[in-house]
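Structure at a glance
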Amino acid sequence: MDDGHGDSPSIEDTNPFAAVAVADATGFDSDTVTVVTPAVREAVGLVNDFLNAPVEPGRPTGNTIAVVGEYGTGKTHLLGTVLHHVRVRADQGTTRAVYLEAEPRSFIELYRDFVAELELEDVRDRVREYYADVVADELGKTPFTAEMAPLVRSGALDPVETSARLGLAETGNLATLRGKLAQVTENAMFGTALTLLLRPGFTHAAWEWLTGHAPDGVLVDRGIDRAIDSEEAALEAMGVFALLHGHRNRRFIVVVDELNRLLSARRRPTREAVAAFDKMLRVFAGTHALLVLCGLPDYLDALGDNFSQRIGRTITVSPLDAEAVSELIRRSQRRIGRPPRLQPFDADVVRYLVKLTEGNARRVVLLCRRLYRMALDEAPEPDGARVTEAMVRQVARGRSFFETVPNVRNEIRQVLSASGVEYLRDRALGVAGARADYWIPVAGDEVGCAVLVSGPVLDPAESKELVGRATAIQAAVERADVLLVAVGPVHPELAGALTDAFTAEPIEYHHWTFKELLANVLGERLRVLQESTASDPVSIVGERVNRVSRQQANTQRMLDQLVGALEQLTSTSDRQFTQLRREITGLADGSRSVSRAAERVGGRAERPEPAGLPLPVAELFAEAQRSLDRVDHVDAALRAVFGDSADDPARAGGVRNGIRAKLRSQQVFHSVGVAALLHRLLAGFREGIVDWYRAYASSLSGPPFADEHERLKSLCRAYDAVYEYIPVFRLDGLEEFASSPTGGRSDAAPAALDHVRETFNELGRQVQSTVWQSVTGPR
Amino acid sequence: MNPYEVPHLDVGSGKPLSPLKHRGHEDYYVAVDHSDEAFEQFKSKIGDASALKRDGRLVVVVGREHCGKTSLLNRCAAWVSGALTAEGNGDEGAGTDVHVLNLVDSCERNKSVLDRQQYVYSCVVDELERRGQLTADQVGELREREDKLDRGYRYLSLNLRPEALVVVLLPPTELLAEVVEYARFTQRRLLFMVETAEVDLIERKWSEVADVSRAEPLRLKVNLLKEGDGWAFIQSRHRLHPDGQACPKVTESAAQKVIETWKPSIGQLQTLLYGIYNEMLVEQRAEARTEVSFDDIKDLFFSMNRTGRGFEGHG
């Protein structure tokens, strides 16, 4: 019997916490769970000040806000909240907000993303406003036409059409506009290009240049002789658009996230770029534009002291405290229609969670999600579910939660190779029990630096073991500095003991900073060790010469790897091209079949159904399929049993024996089962989305309805709910097949498995946003 | 009938007078906005055909939109064509074979200067070939010089018949560089005529044009209407259309006030008056009044603006 709630997920099915704790700043809506932390409150307050300030000529309201915080503290979430606030509170007719996510490339790319967000029509309308002032001024000069001036200035009459209709001096007026824009932007080329946007026949050439391309011949003839292809030009151009959009009673907001990818200690900008950045801030301050810059604290240092003086306010996003996490849990429950309560958590567990994660919002959300599921699984009844501290430790240790140790080892190797030091893996030193995961000798085995790699350190036993290892190493050799790399959290109460036993504080792995941090710490320790041991200057020089030689050798190896990577890239591109072609062929075949079907029913297709998915959506599914195929070689192995080797009895026997040997391991069955489930889940999800499109296409044309959005969200939630219960880590066993001589590529390495995990983890969210974007347009 | 109509011309679209195509248009030129002075200046400077054949010439007409630049160009070209061909001018001028090539509308402004110039060049070569002024070999030679236009025009100049004079009415330009280039291309037997609304630019940089010219380039200027021009124009039109006497006439004071309070160009005034009379004739209000006042004009001006009748076209 239908209880009227057929589409509502049951309590067991729906996890109130997000599967991917990485905020999508532009996707915030009233449904998004937000905790009003002091940082959020301050940011919203500043934005309100900006929105509420009266806009008057000659009284700029521009400002720059810097938002800084460590990884996972919720910076992007804060930006999402701010942007949502602007959408809800500001007059959309006069306020324009742009969100940009910096990529680790250059300001040129950032500018291109920026201008693509603005769109031609939008920019042209702003130029038209300037031109309206010029034409209105012209009309106001003579009593005969003065009455029309206010109509043009207010936008009731279009200035371009009016100018043509009244036979005004267009050339003179456009020259005035050009001069005005050149004065405003302090750049004659922008004055010319923006003016040309209003002239039929020139618009596209001008827009092409503004979007970063080389100038067309007609622009070169008019003095625009170079592209916006330097960091300085790109930053200047962003200022130009701020001026354009901050004109009259308009307000302009630009939010740049992840700025540390562009600016950091490792990516210091040129002096010219810093000067251009500084100018851009002045430009924003001089108009009605708000610039919000967000990232790790690094970027502030990279920009220098001048920058700090120019920003209106720096907001530091602090870790969540227990109260904020409790609020987060309650709001998450309420979002899906449950009472806003802590259960299955309690206040003690929340405090423990905060301590363990140091209030890192991303980790809190990820842990909450897994803990919630675990508590429900282990409780006889949903209402009896309880999260315990033991569960918190167990989840935190899970390999899918933090980066894997093998991946981190790989990064350590890269750091050691790049720094040119000689090192030994898994080195036994002196007495039994003294083992270094990496040993970098400074004077043979007697003096050197040891690196130990551990998982999360959450209880005293784990800490004790590591302290024991460090102590043993120090006892075994004449002098050793010992560093600890922890892949996962270190319980704050255990950190002190570890710092005492090791030479420095434990280095907690963070994807973006790890290599730089390790290189710095290691370099410093080696320098100290060398200075303390080298009594003979000649031997110091000798060692440094050797190190330079090793660095050169490593550089050569890296070049070789780069060549290999490029070849692999080519092959990947070929595969993707083949895939795209297959998709397109599929679409064409589908269209043909629809036409044929239409012919069968009388030559008229009243309601053509979509034969496939839009390419961006199809590509998400294809990528998920490819990632799975890269680790799942079972089919290939089984085909080999019945394949070519059947003609060669000896080889066929070898293949059969190989397969039999693998099937003796019970783990293989788990792995194959998990892979099969993932294949089917993916196919089912894809079919669901195809059906969604079919239903959408057969409804009225135009923007989708709210219930279609709900249906889409429900589909994606369903995927997440099922995927969550699939033990993906069990895919490990597929490595057995990959290592077979008939198993094809040996990609079932941890990196490939991690890729499967990441791809499937994010699939629900990505499909939801990509599908929605495909039916609502890019904005 | 609307007294502001011009035969063979859609006045409402702002198209210029062209005695080259319609000899009767010669009567419609009125001595306003300095255009007569400019025309006289042209005649006195260009009147010597021997000089044209010896050195060639560049003529640049400057003035803001709708001041009659194209009309002046057409009038000058028609005069060259008629006067030099029919009457000659001294020994050298007698028997001049004038070829006027009107390329004013031949290409858009949103092409690069080089593209526009190459297009004009190819049109000139094609048209002269069509008129039998060039042999096939000469056309081949000229085609090979399409990417070296100065050499191309030089070759053309050297290979035109001694009695030939080619007058090229160029597309309007807004770029000084294009004007300077045509000053460089000027050769004997070639008269280039071009118009531009970039008044200040050309005046400021005129020396750049003069510096590269073989013969002194000629700059003609047209301007907004001055006091008395409005009334002169109105009287002239009513004289040309005696059948329009039945229509009410714009009073002299109204005409003066329009000039004073608006300072229009000849194109703006002509289109305005044409539109007003059309409006009155359509609504059959013409018989109901004997004269058109300033207020009538102003009211109808706004009415026209709302209904979108305009003043578009060349100046």
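No experiment lies behind these values; they were computed from the predicted model shown.

**Some words on the overall build of chain B**
Helix and strand counts for chain B stand at 14 helices and seven strands. Going through the 315 residues of chain B one by one, you find that 43% of them count as buried. By sequence separation, contacts in chain B at least 24 residues apart represent 78% of the contacts at least 6 residues apart.

**Let's talk about the sheet that holds strand β1 (residues 63-68) of chain A**
All names here are of chain A. The strand order β2-β3-β4-β1-β5 describes an open sheet built from five strands, whose pairing is parallel. With partners counted over all chains shown, the strands left at the sheet margins are β2 (95-101) and β5 (313-316), one partner each. For this sheet, the mean angle separating the axes of adjacent strands, direction not counted, is 15°. In this structure, β1 lies alongside strand β4 (residues 289-295), joined through six bridges in parallel fashion. When the sheet's bridge partners are listed, Val68 is paired in β4 with Gly295.

**Structural notes on the confidence of the model for chain A**
In the predicted model, chain A carries a mean pLDDT of 80, and the fraction of residues at 70 or more is 81%. Predicted confidence for residues 582-610 of chain A stays below pLDDT 50, and this span has 25 contacts to residues more than four positions away or in other chains.

**Considering helix α5 (residues 113-130) of chain B**
In an α-helix, one turn spans 3.6 residues; hence positions three or four apart end up facing the same way. Residues and elements named next belong to chain B. When the terminal C-alpha atoms of α5 are compared, their 26 Å separation across 18 residues agrees well with the 26 Å that a helix rising 1.5 Å per residue should span. Those residues of α5 that sit buried are Arg116, Gln117, Val120, Tyr121, Val124, Val125 and Leu128. Those residues of α5 that are buried lie in contact with β2 (97-102), α6 (136-144), α7 (149-159), β3 (164-169) and α8 (176-185).

**Quick notes on the packing of helix α4 (residues 120-140) of chain A against helix α7 (residues 170-185) of chain A**
Residues and elements named next belong to chain A. Where α4 contacts α7, the two axes come as close as 10 Å, and the packing angle between them is 130°. Accordingly, the angle class assigned to the pair α4 and α7 is oblique. Here α4 and α7 pass one another in a crossing that is right-handed. Along its contact with α4, which presents Tyr130, Tyr131, Val134, Val135 and Glu138, the element α7 presents Asn173, Thr176, Leu177, Lys180 and Leu181. Across the contact of α4 with α7, the residue classes break down as six nonpolar, two polar and two charged.

**Remarks on the sheet that holds strand β7 (residues 435-443) of chain A**
Residue and element names in this part refer to chain A. Strand order in this open sheet of five strands is β6-β7-β8-β9-β10, and the pairing throughout is mixed. Edge positions in the open sheet fall to β6 (424-428) and β10 (507-508), since each of these has one partner strand only. Summarising the sheet, β6 and β7 pair through four bridges and their orientation is antiparallel. If you follow Ala428 over to β7, its bridge partner there is Arg435. Each of β7, β8 (447-454) and β9 (479-486) touches helix α19 (residues 460-476); the most contacted strand, β9, lies at about 155° to it.

**Focus on the environment of Thr503 of chain A**
Among the secondary structure elements, Thr503 of chain A is positioned in the loop between α20 (492-501) and β10. In this structure the C-alpha to C-alpha distance between Thr503 of chain A and Arg525 of chain A, which are 22 residues apart in sequence, comes to 8.7 Å.

**Focus: the nonpolar core**
One finds Val67, Ala193, Val255 and Val292 of chain A to be the most contacted residues of the largest nonpolar core, which totals 100 residues. Ranked by residue count, the leading element in this core is helix α11 (residues 231-245) of chain A, at nine residues. Here this core spans two domains, since at least three of its residues come from each of domain 2 (38-117 + 248-316) and domain 3 (121-212) of chain A. Setting aside chain neighbours within four positions, we find Val292 of chain A in contact with Ile65, Val67, Leu79, Val82 and Val255 of chain A. One finds Val62, Ala77, Val250 and Tyr277 of chain B within the second-largest nonpolar core, a separate group that totals 76 residues.

**Notes on the interface of chain B and chain A**
Across the contact, 30 residues belong to chain B and 18 residues belong to chain A. Those elements that place two or more of their residues in the side of chain B that touches chain A are α5, α12 (252-262), α13 (266-282) and α14 (294-307) of chain B. Tallied by class, residues from the side of chain B that touches chain A come to eight nonpolar, 11 polar and 11 charged.

**Here we look at the pairing of β7 of chain A**
Residue and element names in this part refer to chain A. Along β7, seven of the nine residues are buried, which leaves the element largely enclosed by surrounding structure. Sheet topology note: the β7/β8 ladder contains five bridges and is antiparallel. Bridge pairing in β8 links Ala443 to Val447.

**A few points about the confidence of the model for chain B**
Residues and elements named next belong to chain B. Confidence along chain B averages 85 in pLDDT terms, with 89% of residues attaining 70 or more. Highest mean pLDDT in chain B belongs to α6 (97); lowest belongs to helix α4 (residues 90-93) (46). Long-range and interchain partners of residues 310-315, a stretch whose pLDDT sits below 50, account for 28 contacts in this model, where long-range means more than four residues apart. Interface confidence for the predicted complex, expressed as ipTM, amounts to 0.87; the pTM equals 0.67.

What counts as what
- Residues numbered from 1 in each chain as written.
- Chains lettered and ligands numbered in written order.
- Predicted model: local features only at pLDDT ≥ 70, side-chain atom pairs only at ≥ 80, totals over all residues.
- Helix = DSSP H or I, 4+ residues; strand = E, 2+ residues; numbered from the N terminus.
- Buried ≥ 20, exposed ≤ 12 C-beta atoms within 10 Å, placed from the backbone.
- Contact = placed C-beta atoms within 7 Å.
- Pairing = 2+ DSSP bridges.
- Axes fitted to C-alpha atoms, helices over the stretch in contact; angles between N-to-C directions.
- pLDDT = per-residue confidence, 0-100.
- Expected span 1.5 Å × (residues − 1).
- Parallel < 35°, antiparallel > 145°, perpendicular 65-115°, else oblique.
- Left-handed = near helix turned anticlockwise from the far one by under 90°.
- Nonpolar A, V, L, I, M, F, W, Y, C, P; charged D, E, K, R; others polar.
- Core = buried A, V, L, I, M, F, W, Y, C linked by C-beta atoms within 7 Å.
- Domains from an automatic or database assignment.

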